[in-house]
Each structure stands twice: as C-alpha cells, then as structure tokens.
Amino acid sequence: MGTTHVPQPATAVSHVVVPMAKPAAVTASQLQAVADCMPQLVWLQGTRQFPVYWNTAWRKWNGSTIDAAAPALWTAQVHPDDRPAAEHAWQQASTSRQAFSQDCRLHHGGDGYRWCRVQAGLSVISGEADPMWMVSATDIHDRTDAQQPLANDAWAHTQMLDVSVDGIQIIRPDGSL
C-alpha cells in the first residue's frame, strides 16, 4: 500500500508589521463629499457648537433643508424627554474632547421620533483653525422597539417576585408554619 503525501507550506508568516503612514490632510469639502455617500445621518459640528454641514441622508431624514445658513444645535432635534441627557453627555464630550456615543430619539420628518445611536469623534480638517466633530447617527429604532417588550416582561417578573417574597410562607410536613 502506498502512503498519501500531504504537501506542507514552504513558509508560514505569522505576523507582519507594516508601518502606518501619517494620514493625509482632508479638506471639509472632501469630507462632505464622503458624508453625502453614506446612508447614515452625518453632520460636521464645529467647536462653536453649531453644525456647519448636514449630509443628504440627514436632510432627507429630517424632511427639511437644514444648512449652515440657519445653524441650530443638533440637540434641538432630540426628543424633549431625551434632550437633557443628550445635552449633558454632549457638553462633557465637547469639554473633554473625547469620543461621544449616546442613544436618543431624533426627530424624523413627519414620523415623529426614532431611536438612534449618535456617535462623534474630533477630526482635524485641513484649512480649519479648530478641529471639527464628525457626528453620525444610526437608526436603531426597530431593534429598540423589539427589546421593549422583553424589558417590560423582565420588569413585571421582578415586581411579582418582589411582592411575592412578603407573601411566601413555608409549611412544614406536619402542617405548621
């Protein structure tokens, strides 16, 4: 009987280190062109607190013609119940210049509000004196709605257990408590 020969690789590379080049400077107009290609809601937020650019997806989502000519805080688009927490988290991120992530309901044209995950990071833009926030929002409404009945069930079970602890008594085999 013959034996089967299984070829082995001649060399195996387990780790390759490639030095990272410094990223090229990006202009605001280049960033806007990229943002307009994205399905997420994207806006550029100056350190002056006012957005300087809203992408096409955001303008369609919102059902308006928001632009830099009429600046407004993005938090004005947040549901009134969620706005204080969003404003507080945004202020902390702006002060510390750290990345930002917040789930909140954003105004959605004629459909009221939808849950979104808003995330932001600071970017240095070529030709701009101050860094700018690149902010994106992803619609998570359907997922949030699907989780709500589960959260309600968990809350109801917790409430039942909390109440039933007071009413549970152990009966011994002889019938005594």
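The structure under discussion appears in the preceding block.
Scoring rules and cut-offs
Residues numbered from 1 in each chain as written. Predicted model: local features only at pLDDT ≥ 70, side-chain atom pairs only at ≥ 80, totals over all residues. Heavy atoms only, no water. Helix = DSSP H or I, 4+ residues; strand = E, 2+ residues; numbered from the N terminus. Expected span 1.5 Å × (residues − 1). Buried < 20%, exposed > 50% of the residue type's maximum accessible area, 1.4 Å probe, protein only. Arc of directions from axis to C-beta. Contact = heavy atoms within 4.5 Å. Phe/Tyr/Trp six-rings, centres within 6.5 Å; stacked < 30°, edge-to-face > 60°.

(A) Local environment of helix α3 (residues 83-96). Spanning 14 residues, α3 covers 20 Å between terminal C-alpha atoms, matching the ideal 20 Å at 1.5 Å per step. Every buried residue belonging to α3 is among Ala86, Ala89, Trp90, Ala93 and Ser94, and all of these are buried. Considered in projection along α3, the buried side chains sweep an arc of 135° and stay on one side of the axis. Exposed positions of α3 whose direction lies more than 90 degrees from the buried face are Pro84, His88 and Thr95. Contacts made by the buried residues of α3 are with β1 (41-46), β3 (100-107), β4 (113-123) and β5 (132-139).

(B) Expanded view of the packing of aromatic side chains. Applying the stated criterion across every chain yields a total of eight aromatic pairs. With a centroid separation of 5.7 Å and an interplanar angle of 45°, the aromatic rings of Trp43 and Trp74 are classed as tilted. One end of the pair, Trp43, is in strand β1; the other, Trp74, is in the loop between α2 (56-62) and α3, and 31 residues separate them in sequence. For the pair Trp43 and Trp74, a shared accessibility class is recorded, and that class is buried. Between Trp74 and Phe100 the ring centres are 5.9 Å apart and the planes differ by 70°, which places this aromatic pair in the edge-to-face class. With Trp74 in the loop between α2 and α3 and Phe100 in strand β3, this pair connects stretches of sequence that are 26 residues apart. In terms of burial, Trp74 and Phe100 fall into one category: buried. A network of ring pairs unites the aromatic residues Trp43, Trp54, Trp58, Trp74, Trp90, Phe100 and Trp133 as a single cluster.

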